[in-house]
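So the chains spell out like this:
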Amino acid sequence: MKLTIIGTGYVGLVTGACFAEMGSMVTCVDIDEIKIENLKKGILPIYEPGLENLVAQNFKEGTLTFSTSLEQACENSNIFFIAVGTPPGEDGSADLQYVLQVARQIGRNITGYSVIIDKSTVPVGTADKVKAAIQAELSKREVNIEFDVVSNPEFLKEGAAVNDFLKPDRIVVGVDSKRAAEQMKRLYAPFSRNREKLISMNVRDAEMTKYAANSMLATKISFMNEISNICERLGVDVENVRKGIGSDSRIGYSFIYPGCGYGGSCFPKDVKALIKTSSDQGFVPELLNAVEKRNDFQKQVLSDKIIKRFGQDLSQKTFCMWGLSFKPGTDDMRESSSIVILKELMDSGACVKAFDPIAMDQARKELPEKWFEDDRLTLEDTQYKAIENTDALILVTEWKTFRQPDFNLMADVMKQQIIFDGRNQYDPSEVSEAGFEYHGIGRENI
């Protein structure tokens, strides 16, 4: 099958590379000429395990191509994935300007029956707007061309996106016609060889499914963070509570790890968008409001612990931060807890030495230049160089390389042996035996 993917960001590039891997002829289109030229050279705009090799291999074999011309792509394809950004507005709503801009371009250029697939995360009712935008352009051209708009939300985890796409647990498609349903079934057939994974529903149901899924996962995280705060005040170890409730098959262990808040490009944005959608319908989403409020609070927990321990004036203190990305396996720092914590430390006069296995280049782009002035924030080459002559370690992202550090070496090079564990990676007893003062999430007074 011949596919066109519009947008070469996280979703678009993974989608294009994985379909190409399964034998489809894929053209990825983007208006950013530099990005397209870099992709042709094998330089990716994002970090995702396994994606670089997948792109290079399929580009070499000719099953994956890159272009800045949607007009040319329309000549050779009748299936179009819209995978452009939907950034949140100030009111939390998803900005659909790029989605609708692409829809209008498609309407100006298609010559025969086409399936237009919303892959971007979009609010309920977006497919209707896309359909109207395409039809408006066809009417201007005074042509009668049949087309279908399909909702096909992605459920990819950053850090495991390639595997998630190639081996999905479900494929949700929202369709309004039998013809579109047949096209989608054929398109995804290579991904459903061992069992049927395609779940068909109407378009609006599929659009809602994406938001409901991410909001549910965010709710589990905020719930566990709420429990961690209660545990801390009662002298209870939240990690034992987590194991106790996770063993219940109705609850499970996924997404119940207490920490310093969720981030990334999905959960914060999607929760906000669903809150805004609900409000627009005259409904107050009390639970979702609480989920968001708890997460905002949780991002402050570590900096509050640090200030409680050292005082408000941190001008004579230097801290080590391990982890900058919002989660392991990615360089994505959007809505990362590290940014919130760094701001609190910078505002209090502290110096910070930071290390992340992957996100260092992204940090130089994302973080304010003024933080780097006078070496108040430095990005170190190794995790142990980052910890030299510091007053405390702040663990923000649970990368594997941080799981079993050499506490003896750390004790030798740190000015004070103090750990603020934002992901509960360490056993408080083991840390204490090594001579460290330990501050975790929901296990402060055990």
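All figures in this text were calculated on a predicted structure; none of them were measured in a lab. (Residues numbered from 1 in each chain as written. Predicted model: local features only at pLDDT ≥ 70, side-chain atom pairs only at ≥ 80, totals over all residues. Heavy atoms only, no water.)

### What to know about the environment of Ile46
Inspection of the secondary structure assignment puts Ile46 in the loop between helix H2 (33–40) and helix H3 (51–61). Residues Ile46 and Tyr10, 36 residues apart in the sequence, show an inter-C-alpha distance of 6.8 Å. Not counting the four nearest positions on each side in its chain, Ile46 is found in contact with Gly9, Tyr10, Leu51 and Asp331. (Helix = DSSP H or I, 4+ residues; strand = E, 2+ residues; numbered from the N terminus. Contact = heavy atoms within 4.5 Å.)

### Thoughts on the pairing of strand E10 (residues 351–355)
Of all 5 residues in E10, 4 are buried; the element is thus mostly enclosed. Where strand E9 (residues 318–322) and E10 come together, 5 bridges link them in parallel fashion. Across the sheet, Met321 pairs through a bridge with Ala354, a residue of E10. Handedness of the β-α-β unit built from E9, helix H14 (residues 337–347) and E10 comes out right-handed. (Buried < 20%, exposed > 50% of the residue type's maximum accessible area, 1.4 Å probe, protein only. Pairing = 2+ DSSP bridges. Right-handed = clockwise from strand over helix to strand, strands pointing away.)

### Quick notes on a negative patch on the surface
Taken together, the side chains of Glu369, Glu373, Asp374 and Asp375 present a region of like negative charge at the surface. When you line up the elements, Glu369 lands in the loop between helix H15 (360–366) and strand E11 (377–379). (Patch = residues over 30% accessible without salt bridge, like charges linked within 9 Å, V, L, I, M, F, W, Y side chains within 5 Å. Areas by Shrake-Rupley, 256 points an atom, 1.4 Å probe, with all protein chains shown as cover. Salt bridge = Lys/Arg side-chain N within 4 Å of Asp/Glu carboxyl O. Lys, Arg positive; Asp, Glu negative; His and termini not counted. Charge placed at Lys NZ, Arg CZ, Asp CG, Glu CD.)

### Here we look at helix H9 (residues 203–234)
End to end, H9 covers 47 Å across 32 residues, agreeing with the expected 46 Å (1.5 Å per residue, within 8%). By the N-cap criterion, in which a side-chain oxygen at the helix start approaches the backbone nitrogen of a residue two or three places on, H9 is capped by Asn202, the distance to Arg204 being 3.2 Å. Phi turns positive, to about 70 degrees, at Gly235, one or two residues after H9. (Expected span 1.5 Å × (residues − 1). Polar contact = N/O pair within 3.5 Å; in protein donor to acceptor, adjacent residues only side chain to side chain.)

### Description of the pattern of salt bridges
If you walk through the whole model with that rule in mind, you get 26 salt bridges. What emerges from the salt-bridge pattern is a single network uniting Asp91, Lys276 and Asp280.

### Overview of the packing of H9 against helix H11 (residues 267–280)
Viewed as axis vectors pointing N to C, H9 and H11 meet at an angle of 115 degrees, and their least axial separation amounts to 9 Å. Classified by the angle their axes make, H9 and H11 are roughly perpendicular. The element H9 and its partner H11 pack so that their crossing is left-handed. Contact residues: Met208, Lys210, Tyr211, Asn214, Ser215, Leu217, Ala218 and Ile221 in H9; Phe267, Asp270, Val271, Ala273 and Leu274 in H11. Residues of the contact of H9 with H11, tallied by class, amount to 9 nonpolar, 2 polar and 2 charged. (Axes fitted to C-alpha atoms, helices over the stretch in contact; angles between N-to-C directions. Parallel < 35°, antiparallel > 145°, perpendicular 65-115°, else oblique. Left-handed = near helix turned anticlockwise from the far one by under 90°. Nonpolar A, V, L, I, M, F, W, Y, C, P; charged D, E, K, R; others polar.)

### Digging into helix H6 (residues 126–141)
Here H6 spans 23 Å end to end across 16 residues, near enough to the 22 Å set by a 1.5 Å rise per residue. Turning to H6, its buried residues number three or more, namely Thr126, Ala127, Val130, Ala133, Ile134, Glu137 and Leu138. One face of H6 carries all of its buried residues, which in axial projection span an arc of 135 degrees. As for H6, its buried residues are in contact with strand E4 (79–82), helix H5 (97–109), strand E5 (114–118), strand E6 (147–151) and H9. Of the residues trailing H6, Glu142 is marked for its positive phi of about 60 degrees. (Arc of directions from axis to C-beta.)

### Thoughts on the nonpolar core
Of all hydrophobic cores here, the largest spans 48 residues; its most connected members are Phe319, Trp322, Leu324, Leu345, Met410, Ile419 and Tyr426. With 5 residues, the top contributor of residues to this core is helix H13 (residues 301–310). Contacts of Leu324, omitting those with residues within four sequence positions, involve Met333, Ser336, Ser338, Leu342, Ala354, Asp356, Met360, Ala363, Leu379 and Thr397. (Core = buried A, V, L, I, M, F, W, Y, C linked by side-chain atoms within 4.5 Å.)

### A short note on the sheet that holds E10
Spatially, E11-E10-E9-E12-E13-E14 is the arrangement adopted by the 6 strands of the open sheet, whose pairing is parallel. Each having just a single partner strand, E11 and strand E14 (437–439) make up the two edges of the open sheet. Averaged over all neighbouring strand pairs, the angle between strand axes comes to 20 degrees, with direction disregarded. Relative to strand E12 (residues 392–395), E9 is paired through 4 bridges, and the arrangement is parallel. Bridging across to E12, Cys320 finds its partner in Leu393. Lying over the sheet, H13 contacts E9, E12, strand E13 (418–421) and E14, oriented at roughly 155 degrees with respect to E13.

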